[in-house]
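Residue strings, one per chain:
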Amino acid sequence: MNRRLGMGIAIFVVLGAGMAWLVVSEWRSDSALDRRGRGADATLVEIRDNGKRPDLYIVQFTTAEGEPFRTKLWQPPADPKPAVGDTFRVIYDPRDPELVRDARSGHGEGR
């Protein structure tokens, strides 16, 4: 019985640590966009069916430095969901342009 209890506690601790890591990681990404995010107009170029997980939304935009960039939104876009070919405002991290979110998410417009 003690062995089973110990195994249950170990699994609980590992799962808890994993969840904490995910929350902190998302918070840091969100915080980075809030601090240094830049706004850009992006075009939705592809929606990939991701099975049981939320679909992946692939966008293309031009950075403030004039570089074209193509990446996935790290969070699903705000409602109403855009269709392929639609243009909408995004916020991206100039240090890491792969970190991009829909500006309509309520976090602000960036700089």
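In the block above lies the structure referred to throughout.
Residues numbered from 1 in each chain as written. Predicted model: local features only at pLDDT ≥ 70, side-chain atom pairs only at ≥ 80, totals over all residues. Heavy atoms only, no water.

Visitor: Whenever I open this one, unusual backbone geometry confuses me. Can you help?
Guide: Glycine aside, a negative phi is what most residues show, and trans is what most peptide bonds show. Note that the residue after D79, namely P80, is joined by a cis bond; omega there is -5°. Within the secondary structure, P80 sits in the loop between β3 (68–72) and β4 (87–93). (Helix = DSSP H or I, 4+ residues; strand = E, 2+ residues; numbered from the N terminus.)

Visitor: How should I be thinking about the side chain of T63 in this particular structure?
Guide: Along the chain, T63 turns up in the loop between β2 (56–62) and β3. Taking the relative accessible area as the measure of exposure, T63 reaches 9% and is therefore buried. Those residues in contact with T63 that sit more than four places away from it in its chain are F69 and Y92. (Buried < 20%, exposed > 50% of the residue type's maximum accessible area, 1.4 Å probe, protein only. Contact = heavy atoms within 4.5 Å.)

Visitor: Got a minute to help me understand the sheet that holds strand β1 (residues 38–48) in this structure?
Guide: Sheet architecture is open: five strands sit in the order β3-β2-β1-β4-β5, paired in antiparallel fashion. Each edge of the open sheet carries a strand with a single partner, namely β3 and β5 (96–102). Averaged over all pairs of adjacent strands, the angle between their axes in this sheet comes to 40°, without regard to strand direction. Judged from the six bridges that link them, β1 and β4 form a sheet pairing that is antiparallel. Counted as the bridge partner of R38 is Y92 from β4. (Pairing = 2+ DSSP bridges. Axes fitted to C-alpha atoms, helices over the stretch in contact; angles between N-to-C directions.)

Visitor: So what exactly am I meant to see when it comes to the nonpolar core here?
Guide: The nonpolar side chains of a soluble globular protein tend to be buried with one another. Residues A40, A42, L44, Y57, V59, F61, L73, F88, V90, Y92 and V100 constitute the largest nonpolar core, which totals 11 residues. Residue assignment for this core shows that the elements contributing at least two residues are β1, β2 and β4. (Core = buried A, V, L, I, M, F, W, Y, C linked by side-chain atoms within 4.5 Å.)

Visitor: Would you mind showing me how to read the packing of aromatic side chains here?
Guide: According to the stated counting rule, one finds two aromatic pairs in the structure shown. On the numbers, 5.9 Å between centres and 45° between planes, the contact of F61 with F69 is tilted. On the basis of relative accessible area, F61 is assigned to the buried category, the value being 2%. By relative accessible area, which is 22% here, F69 ends up partly exposed. With centroids separated by 5.0 Å and ring planes inclined at 35°, the aromatic side chains of F61 and Y92 adopt a geometry described as tilted. Here F61 is found in strand β2, whereas its partner Y92 is found in strand β4, with 31 residues between them in sequence. The burial state of F61 is the same as that of Y92; both residues are buried. An aromatic cluster is built from F61, F69 and Y92, whose rings are joined through pairwise contacts. Across the ring face of F88, the terminal group of R104 is positioned such that the distance to the ring centre comes to 5.5 Å. (Phe/Tyr/Trp six-rings, centres within 6.5 Å; stacked < 30°, edge-to-face > 60°. Lys NZ or Arg CZ within 6 Å of the ring centre and 35° of its normal.)

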